[in-house]
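Structure at a glance
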Amino acid sequence: MVVLGVCLAAIALVYWLVYRTNVGRAMRAMAEDRAVAGALGMRTKVLFPLAFALATGLAGLTGALVTPILALAPHVGDPVLAFSFLTVILGGLGSVTGATVAAFIVGLVEAYAAVYLGGSKGALTLFVLVLIILVIRPQGLLGKEVRRA
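Quick look at the structure, then.

About the criteria used
Residues numbered from 1 in each chain as written. Predicted model: local features only at pLDDT ≥ 70, side-chain atom pairs only at ≥ 80, totals over all residues. Heavy atoms only, no water. Axes fitted to C-alpha atoms, helices over the stretch in contact; angles between N-to-C directions. Helix = DSSP H or I, 4+ residues; strand = E, 2+ residues; numbered from the N terminus. Parallel < 35°, antiparallel > 145°, perpendicular 65-115°, else oblique. Left-handed = near helix turned anticlockwise from the far one by under 90°. Contact = heavy atoms within 4.5 Å. Nonpolar A, V, L, I, M, F, W, Y, C, P; charged D, E, K, R; others polar. Core = buried A, V, L, I, M, F, W, Y, C linked by side-chain atoms within 4.5 Å. Buried < 20%, exposed > 50% of the residue type's maximum accessible area, 1.4 Å probe, protein only. Phe/Tyr/Trp six-rings, centres within 6.5 Å; stacked < 30°, edge-to-face > 60°. Lys NZ or Arg CZ within 6 Å of the ring centre and 35° of its normal. Patch = residues over 30% accessible without salt bridge, like charges linked within 9 Å, V, L, I, M, F, W, Y side chains within 5 Å. Areas by Shrake-Rupley, 256 points an atom, 1.4 Å probe, with all protein chains shown as cover. Salt bridge = Lys/Arg side-chain N within 4 Å of Asp/Glu carboxyl O.

So, about the packing of helix α1 (residues 2–20) against helix α6 (residues 96–116). Relative orientation of the contacting elements α1 and α6 amounts to 160°, with a least axis distance of 10 Å. Taken as axis vectors, α1 and α6 run roughly antiparallel relative to one another. Crossing hand, α1 versus α6: right-handed. Of the residues in α6, those in contact with Leu8, Ile11, Val14, Tyr15 and Tyr19 of α1 are Val96, Thr97, Thr100 and Phe104. For the contact of α1 with α6, the residue count by class is seven nonpolar, two polar and no charged.

Laid out in structure tokens, this is it:
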């Protein structure tokens, strides 16, 4: 319950920061096109380390929450990293809401498949589901379609 509470608070904080503040607006503009954001007067030399610090802080929070659950070893984070990568891709790159929805889907599918299908078939089921969803909707669940000239 503590992990769930901390995760929900972190999601709410990141959502507020990215979508409700000027810093978040500037970080989204910089992510879209760094050169144009700099030309518009945004301080990209400050925003880029800030975005990196936010990502590093979230990774540290994840490590602090996962360590009591899993045994501490050099490669303990590899499965968590794989599921995190799947979650971001499935939710749609750049979509905090999509990543949140995808995180719940990934957790439920992996847990139920592991219980009912057994062992590593849970991860296999998850990868197949992600593959099917990305074939149907390449930009992810809530991602925006990117048009290039």
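So that's the structure; there's more coming.
Turning next to the nonpolar core. Formed by Leu86, Leu90, Ala102, Val106, Leu126, Val130 and Ile133, the largest nonpolar core amounts to seven residues. Those elements that place two or more of their residues in this core are α5 (78–91), α6 and α7 (121–136). The dominant element in this core, judged by the number of residues it contributes, is α7, at three residues. With sequence-adjacent residues up to four places away left out, Leu90 is seen in contact with Ala102, Ile105, Val106, Val130, Ile133, Gly140 and Leu141. In this structure, Ala26, Met30, Ala37 and Leu47 belong to the second largest nonpolar core, which totals five residues.

With that settled, consider the packing of aromatic side chains. Given two aromatic rings, their pairing is described by the distance between the two centres and the angle made by the two planes. Scanning all chains against the criterion turns up two aromatic pairs. Judged by centre distance (4.9 Å) and plane angle (40°), the rings of Tyr15 and Tyr19 are tilted. In this pair, Tyr15 and Tyr19 are both assigned in helix α1, four residues apart and thus about one turn of the helix distant. Relative to Tyr116, the ring of Tyr112 has its centre 6.2 Å away and its plane inclined at 10°; by these criteria the two rings are stacked. In this pair, Tyr112 and Tyr116 are both assigned in helix α6, four residues apart and thus about one turn of the helix distant. For Tyr112, a relative accessible area of 49% puts it in the partly exposed group. Stacked on the ring of Phe48, the Lys or Arg Arg34 has its end atom at 4.7 Å from the ring centre.

Taken together, the side chains of Leu124, Val128, Leu131, Ile132, Val135 and Ile136 present a nonpolar region at the surface, about 620 Å² in accessible area. Checked against the element boundaries, Ile136 lands in helix α7. Ile136 sits in the exposed class, given a relative accessible area of 68%.

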